[in-house]
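# Residue-level structural notes
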Amino acid sequence: MKENNRRLILNLIRRGGFSRVDIAKITGLTKATVTILADEMMQDGLIAEESQHESTGVGRRPVYLRLCENSRFAVGFSLTRTEYQVGLFNLAGEAVEFEICQYSGGTADKTLENMAETVNRYKSKIPEGSMIGVGFASPGPIDYKSGIVLNPPNFEKWHNCKVAEKLFEMCGVPVCLENVSNALAIGEQYFGSCLNEDNYAYIVIDEGIGSGIVVNGQVYRGESGFGNELGHSSVRFDGLPCICGNRGCLECYASIPAILKNTGYKTWREAVESGDNGLIEREAEYLTCALVTLINLFDLTRIVLGGDISYRGEIIAEILREKIEARTIVRHPVRVSAANDTQCKAVAAAAVALQNLFFNL
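The present account deals with the structure reproduced in this document. Computed from a predicted model, the values in this text were never measured in an experiment. (Residues numbered from 1 in each chain as written. Predicted model: local features only at pLDDT ≥ 70, side-chain atom pairs only at ≥ 80, totals over all residues. Heavy atoms only, no water.)

### Brief notes about the packing of helix 2 (residues 20-27) against helix 3 (residues 31-43)
Running from N to C, helix 2 and helix 3 point in directions that differ by 125°, and their axes come no closer than 9 Å. Taken together, the axes of helix 2 and helix 3 are oblique relative to one another. Of the two possible hands of crossing, helix 2 and helix 3 adopt the one that is right-handed. From helix 2, Arg20, Ile23 and Ala24 reach across to helix 3, where they touch Lys31, Val34, Thr35, Ala38, Asp39 and Met42. Class assignment for the residues of the contact of helix 2 with helix 3 results in five nonpolar, one polar and three charged. (Axes fitted to C-alpha atoms, helices over the stretch in contact; angles between N-to-C directions. Helix = DSSP H or I, 4+ residues; strand = E, 2+ residues; numbered from the N terminus. Parallel < 35°, antiparallel > 145°, perpendicular 65-115°, else oblique. Left-handed = near helix turned anticlockwise from the far one by under 90°. Contact = heavy atoms within 4.5 Å. Nonpolar A, V, L, I, M, F, W, Y, C, P; charged D, E, K, R; others polar.)

Okay, structure coming up:
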């Protein structure tokens, strides 16, 4: 219980602007408990006190608690089918080290050996004991509980690879495996636009359509860990057959290759720069069908668009906002925005490891 309360307090502090009194009111913990746990975390170097610089009233200035950003670090690996990103990040998501690497020849084990060498090199550059863990983001499907990459298409070298177990054996640091969409959703919660959001979805739209759905602050997974396949929700019951066995899947219509089929455009960027409003409107219509269902099911407050679709993404985001507002039954506005497409994906992978610090998983 003490550890759970510690994480509860720390998760509030990372959002910023909370005093001990604030934390006690929000969590329901006694002021004495908050003070004891906060003092322990201050001794550990995790948090520090910070007085408000300006005060409009009389008396003592309020004292807030803040994270010590360089007290702990995490490594993030983000895999694509051609290369991978890796970086060492502090609690603010700032990169201490960042690299883009090519895969080694041979088996996945050889690449894992190189990755372990990178982790050990990073460990030597930070204070002993300050490494929280390694976050590992891979194309899915994956088994996040056992840390195994299952059978992603066109990713045969990594099929059935026990990533978490093998990497831990080689570098001695806890490893958390996550699929890319979920990792991006988690990263948005720590370092992006969803810092103060508890119910939102991160939608990745490029060659396919992936989604990371966060409910009550944690990734929604379902029974077996596959409860986030928005791309395989049907938008037409009599539609095109999908490779998943369903018909009319969103991915068959709104993935970038599908929406650009027979248009003459090679990329979504090209379509946007050409000002093809009809194509953008059609893409928004397909997405609206699925997003309205998603919002009505989970009562979400925000949708973040990532992947290729995020190029000048506010254009389609504005269209989606209007369509969603007209069709959802929820009684609050749903914010739709584009992700920062310049942010490295390795920081999102590092955020996966940070969950061990902030949440009782």
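From this point, the discussion proceeds with the structure in view.
### Section: unusual backbone geometry
Cis geometry is found at the peptide bond from Gly140 to Pro141, where omega equals 10°. Relative to the helices and strands, Pro141 resides in the loop between strand 7 (131-138) and strand 8 (142-143). For Asn262, which is not glycine, the phi dihedral falls at a positive 65°.

### Let's talk about the pattern of salt bridges
For the coordinates displayed, the defined rule picks out 18 salt bridges. Arg221 is paired through a salt bridge with Glu178; the nearest N and O atoms lie 2.6 Å apart. Note that Arg221 is positioned in the loop between strand 13 (218-219) and helix 7 (250-254) and Glu178 in strand 10 (residues 175-179), a separation of 43 residues in sequence. In this structure, Arg221 and Glu178 share a single accessibility class: buried. Across the pair Lys323 and Glu281 runs a salt bridge, and its minimum N-O distance is 2.7 Å. Placement of Lys323 in helix 11 (residues 314-327) and of Glu281 in helix 10 (residues 277-298) is noted, with a sequence separation of 42 residues between them. Taking relative accessible area as the criterion, Glu281 reaches 34% and is therefore assigned partly exposed. Put simply, Glu281, Glu285, Lys323 and Arg327 are held in one network by salt bridges that share partners. (Salt bridge = Lys/Arg side-chain N within 4 Å of Asp/Glu carboxyl O. Buried < 20%, exposed > 50% of the residue type's maximum accessible area, 1.4 Å probe, protein only.)

### Concerning helix 2
Along helix 2, the positions that sit buried rather than exposed are Arg20, Ile23 and Ala24. With its buried residues spanning 100° around the axis, helix 2 presents them on a single face. Buried residues belonging to helix 2 abut helix 1 (2-13), strand 1 (18-19), helix 3, strand 2 (47-51) and strand 3 (63-67). Gly28 occupies a position one or two residues after helix 2 and carries a positive phi of about 85°. (Arc of directions from axis to C-beta.)

Remember that the coordinates give geometry; whether it matters functionally is a separate question.
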